[in-house]
Amino acid sequence: MQYMLLIYSDENDWTETQRSDCMQKSMLISAELTAQGKLISASPLHSVTTATSLRIKNGKRQVTDGPFAETTEQLGGYYIIDVNNLDEAIEIASSLPPAQKGTVEIRPIFELPEMQSAT
Amino acid sequence: MSASKDLSEQLTHLYKNHASKVLASLVRLLGDFDLAEEAMHEAFSVALDTWNKQGVPANPTAWLISTGRFKAIDNLRRSKRFGELEPDIQRLLTEIEEHNQTLSQQDIEDDQLRMIFTCCHPAIDPQIQIPLTLREVCGLSTEEIASAYLVSTSTMAQRIVRGKNKIQQAKIPFVIPDLQELPERLDAVLSVIYLVFSEGYSASTGNSLLRVDLSNEAIRLARLVLALRPDSEVMGLLALMLLHESRRKARTDENGNIILLQDQDKSLWLQSYIDEGRSLVQQALETRRVGAYTLQAAIAAVHAQSTDNTDWNQIISLYSVLLQVEPSPVIELNRAVAIAMRDGPQAGLDAIDNIEEKSELRGYHKLYSTQAEFFSRLGKTTEAAAAYKQALKLVKQSAEKRFLSEKLAELSPN
């Protein structure tokens, strides 16, 4: 069962030291998850100030600066993991450093049948 | 004819008592709520036929689970949805077939506990945990739950489906949490049980008969959890509910009006519940791991001892310990009432003034009705009337409204 862990926190709430600590720990966690065969993919994201949003209205492309919605906590990174059930996903999410500062949203990944047969 | 009528009565009885056990085991074996429910209904209908001819088996629950299992295998095989069997389904079939055919009593009980923990999983909306538990663990019908919570059957059905979908799609595991997680998860289960009980006991709204059912279901659930996990707080919660429930008949008159503890007809108290509650409190206190439910039960046990000669000192000190375990302005308010009983109404008013987070009580009618009572006993009729009026603005339940209106009317002599 695959889950996406979406990591939200207030971008401005991090000092440089905290940020690099978090990166270090996250890399270790990623290495561990890879060794256990549980990691599909993971990455931090650049600041929300670099976000670009796109909509197509009446066939016309609208490109704007900024995220989909202005919120107090911003999406800062993600993990895609493959584990047995939600409790195991919660366990991994609890070990992520940003969980202490913000929110980790756990979403089960909808598996399309053709994606299944392709693997 | 009468034999078959007996049998169908027996089946109804069996359904009421065993359906949730059969369902829990089938959910574990099949890993799917819908398949399990379908299989369970078929197992009961096969039972009606077979038992009519061959008599009732020695262990009907195990028989029903085993039959449900084979029905599920049949259904999966015949199902058009899967066409030629997909590998997943093939694997499930093999697993089900290989699974030990005889289930021990322990397996069946553990499955029920798994069901409780699954329905009360923190990843499920608390608003949904309660109806889901009532439906899947207690076996109440969606109509019954809807009418107890005063929503339409379709709204309730949607909530239950949302809960089941969450379990299925987010893959909430059907397990008893491991030791590390157990205390926290048990807390969640106990709070669902207590909410079910309170909903049934406080009768804030709705059909009173169904409300009694809810309280009884909560007591039954707590007994079930206690049998499986003899934790001190489970004892405390069961004791608390039994001690409250023991006074159900005495706490209102035939018109549904409230009768205060000191005015209740003690002969209406259910002595067996009081005895059981008190012995559970004793057991829980002996474990030396005392939590909020046990302390509240201990307070209720002191009240159950006597009404003319209540040990207010003991009640006040129990409230003080409770406040350390669980700081809450409502508990402080209750403690103020106990202080007033011991030291007089002025001491009670002072205690209320000293409540730290008093602002949290501003929307709570009991803050004002309690103050009103103290003012009235001090002969301060004007203050008392103002406080009763404020309480009446906030109170929702009709019996309490009548009670407060009467109190207000008694203040003015004309």
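Residues numbered from 1 in each chain as written. Chains lettered and ligands numbered in written order. Predicted model: local features only at pLDDT ≥ 70, side-chain atom pairs only at ≥ 80, totals over all residues. Heavy atoms only, no water.

- The name given to chain B in an unreviewed UniProt entry is RNA polymerase sigma-70 factor, ECF subfamily, with Aliiglaciecola lipolytica E3 as the source organism.

- Named according to an unreviewed UniProt entry, chain A is DGPFAETKE domain-containing protein originating from Aliiglaciecola lipolytica E3.
- What the UniProt record of chain A gives under Sequence similarities (unreviewed entry) is the line "Belongs to the YciI family." (UniProt positions renumbered as here; feature names shortened; annotations may be inferred.)

1. As for the confidence of the model for chain B
Part 1: Taken as a whole, chain B shows an average pLDDT of 87; of its residues, 92% reach a score of 70 or greater.
Part 2: Note on the complex model: pTM 0.80, ipTM 0.85. (pLDDT = per-residue confidence, 0-100.)

2. Section: the nonpolar core
Part 1: Within the largest apolar cluster, 143 residues are counted, with the highest numbers of intra-cluster contacts made by A:Leu5, A:Ile81, B:Met115, B:Ile116, B:Ile193 and B:Met241.
Part 2: If one sorts the elements of this core by residue count, helix H1 (residues 2-30) of chain B sits on top with eleven residues.
Part 3: Every residue in contact with B:Ile193, bar those within four places of it in the chain, is listed here: B:Ala218, B:Leu221, B:Ala222, B:Val225, B:Leu237 and B:Met241. (Core = buried A, V, L, I, M, F, W, Y, C linked by side-chain atoms within 4.5 Å. Buried < 20%, exposed > 50% of the residue type's maximum accessible area, 1.4 Å probe, protein only. Helix = DSSP H or I, 4+ residues; strand = E, 2+ residues; numbered from the N terminus. Contact = heavy atoms within 4.5 Å.)

3. Looking at the packing of helix H11 (residues 232-245) of chain B against helix H12 (residues 271-286) of chain B
All names here are of chain B.
Part 1: One way to put it is that H11 packs onto H12 with a least axis distance of 8 Å and a crossing angle of 155°. What the angle tells us is that H11 and H12 run roughly antiparallel. The hand of the H11/H12 crossing is left-handed. Of the residues in H12, those touching H11 at Ser-232, Met-235, Gly-236, Leu-238, Ala-239, Leu-242, Leu-243 and Glu-245 are Tyr-273, Ile-274, Glu-276, Gly-277, Arg-278, Leu-280, Val-281, Gln-283 and Ala-284.
Part 2: Each residue belonging to the contact of H11 with H12 can be placed in one class, and the counts come to ten nonpolar, four polar and three charged. (Axes fitted to C-alpha atoms, helices over the stretch in contact; angles between N-to-C directions. Parallel < 35°, antiparallel > 145°, perpendicular 65-115°, else oblique. Left-handed = near helix turned anticlockwise from the far one by under 90°. Nonpolar A, V, L, I, M, F, W, Y, C, P; charged D, E, K, R; others polar.)

4. Thoughts on helix H13 (residues 292-305) of chain B
All names here are of chain B.
Part 1: The terminal C-alpha atoms of H13 lie 20 Å apart, and with 14 residues this matches the ideal 20 Å at 1.5 Å per residue to within 8%.
Part 2: Taken across its 14 residues, H13 has twelve buried, putting it largely inside the fold.
Part 3: Among the residues of H13, those classed as buried are Ala-292, Tyr-293, Thr-294, Leu-295, Ala-297, Ala-298, Ile-299, Ala-300, Ala-301, Val-302, His-303 and Ala-304. (Expected span 1.5 Å × (residues − 1).)

5. Comments concerning the side chain of B:Thr310
Residue and element names in this part refer to chain B.
Part 1: Here Thr-310 is to be found in the loop between H13 and helix H14 (312-325).
Part 2: Classification of Thr-310 as buried rests on a relative accessible area of 15%.
Part 3: With residues near it in sequence (within four places) discarded, Thr-310 still touches Val-302, His-303 and Ile-315.

6. What to know about the UniProt feature "domain: RNA polymerase sigma factor 70 region 4 type" (unreviewed entry) in chain B
Part 1: Summarizing the sequence annotation, UniProt attributes the feature "domain: RNA polymerase sigma factor 70 region 4 type" (unreviewed entry) to residues 117-167 of chain B in the numbering used throughout.
Part 2: Helix makes up 71% of residues 117-167 of chain B and strand 0%, and the two end C-alpha atoms of the span are 11 Å apart.

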